[in-house]
Amino acid sequence: IENKIFVNIYKNNESKTKKVFRKVEMNQIQFHFNINGEFTLEFNKNYKIKLKKNKCILLYNSKKRINLNAEINKNSTTVSFVISLFELHRLLSNQDIYIPTIINIKEKYYEELELDKSLLYVLNQISNYDSSVNTQKLFLKAKIYETFSLLFKNNKSSESCPFTINNDLLTKIRLAKEELIKDVSKTPTLNEISDIIKISLKKLKIGFKEVYGCSVYQYALNHKLEHAKDLLIKGENNINEISLLVGYSNSSHFIAAFKKKY
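Our subject in this report is the structure included herewith. (Residues numbered from 1 in each chain as written. Predicted model: local features only at pLDDT ≥ 70, side-chain atom pairs only at ≥ 80, totals over all residues. Heavy atoms only, no water.)

Another aspect to go through is the nonpolar core. Side chains of nonpolar character tend, in soluble globular proteins, to be buried together. Formed by 26 residues in total, the largest nonpolar core has its most connected members in Phe-31, Phe-33, Phe-81, Leu-115 and Phe-148. Mapped onto this core, the elements with two or more residues apiece are strand S3 (28–36), strand S6 (55–61), strand S8 (76–84), helix H1 (85–93), helix H2 (117–127) and helix H3 (136–152). Apart from the residues within four sequence positions on either side, Leu-115 is in contact with Phe-33, Asn-34, Ile-35, Asn-54, Lys-55, Cys-56, Leu-120 and Leu-123. Membership of the second largest hydrophobic core comes to 17 residues, among which are Leu-170, Ala-176, Ile-199 and Phe-208. (Core = buried A, V, L, I, M, F, W, Y, C linked by side-chain atoms within 4.5 Å. Buried < 20%, exposed > 50% of the residue type's maximum accessible area, 1.4 Å probe, protein only. Helix = DSSP H or I, 4+ residues; strand = E, 2+ residues; numbered from the N terminus. Contact = heavy atoms within 4.5 Å.)

As structure tokens, then:
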């Protein structure tokens, strides 16, 4: 689905257990929603997590690849999302809602949650969608966004969490992001941001990556290219104009960066 959100629907209507496997990058978060039966996740052949009916689990580890290696029991249905930390943060931070602690995790995050009726209703719609209709991607995208909205709507806890950096630093890192994207045509240097928000370069670099899942430079580049993509879709500006609008003095450099990302 758009913005690198991967959806897997696992159904087993046979009489025996099925095995499933998917490669997952280290910067990606896994959401597994078991809406019927039992879904067993395997780690290093020695450790297993059995996900019961009406349960979901969130998995992330920035230091170690956690591939999806699982068994799905007979008469079972599980819906799984895989999304990068950057894309999840971008999706949620564009909304006027609380950003959950999972966005600010340092190294790893495992949490098992209960699925309420509203979430189960949406997940059943996803598992039973009609793949033959020409609006299938639009439908799935809408339902994925609805799932995230319902999953995080009741998270009213403080951001002082053992998985997060401290509140003062978190506030400054968010200010750094605002300074970074204030003017898409001119990206401030790390020294300039450091001076404005009164934070050391080391804390800025490390803190930014912990909160946003990428370096300051990479975040700025992604923001520029996302804005450029929107301008290209609108079709009101040519390539040279767009490259200047997003801060490239050389359009060939812009084209190379855009091709690399998209």
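The subject of this paragraph is the pattern of salt bridges. One pass over the structure, following the stated rule, counts 10 salt bridges. A salt bridge links Lys-19 to Glu-42; the nearest nitrogen and oxygen atoms lie 3.6 Å apart. Of the two residues, Lys-19 is situated in strand S2 (residues 18–22) and Glu-42 in strand S4 (residues 39–43); the sequence distance between them amounts to 23 residues. Glu-42 gets classed as buried once you look at its relative accessible area, which sits at 15%. Note that Lys-143 is salt-bridged to Glu-146, the shortest N-O span being 3.1 Å. Separated by three residues within a single helix, Lys-143 and Glu-146 lie in helix H3, roughly one turn from each other. Residues joined by salt bridges that share partners form a network here, namely Lys-19, Glu-42 and Glu-71. (Salt bridge = Lys/Arg side-chain N within 4 Å of Asp/Glu carboxyl O.)

Before going further, it helps to spend a moment on the sheet that holds strand S5 (residues 47–51). Hydrogen bonds along the backbone pair up the strands of a sheet, which may run parallel or antiparallel. Read across the sheet, four strands follow the order S2-S7-S4-S5 without closing on themselves; strand pairing throughout is antiparallel. The two strands at the open ends of the sheet, each matched to only one other strand, are S2 and S5. Taken over all neighbouring pairs, the strand axes of this sheet differ in orientation by 25 degrees on average, direction set aside. Across three bridges, the pairing between S4 and strand S7 (residues 68–72) is antiparallel. By the bridge assignment, Leu-41 is partnered in S7 with Ala-70. (Pairing = 2+ DSSP bridges. Axes fitted to C-alpha atoms, helices over the stretch in contact; angles between N-to-C directions.)

A few words now on the environment of Phe-43. Locating Phe-43 in the fold gives a position in strand S4. Sequence separation between Phe-43 and Ala-70 is 27 residues, and the spatial gap between their C-alpha atoms is 8.8 Å. Those residues in contact with Phe-43 that lie beyond four places of it in its chain are Ile-49, Leu-59 and Ile-66.

For the structure shown, the criterion picks out nine aromatic pairs. Consider the rings of Phe-81 and Phe-148, whose centres lie 5.7 Å apart with planes at 75 degrees: the pair is edge-to-face. Here Phe-81 is found in strand S8, whereas its partner Phe-148 is found in helix H3, with 67 residues between them in sequence. Both residues of the pair, Phe-81 and Phe-148, belong to the buried class. (Phe/Tyr/Trp six-rings, centres within 6.5 Å; stacked < 30°, edge-to-face > 60°.)

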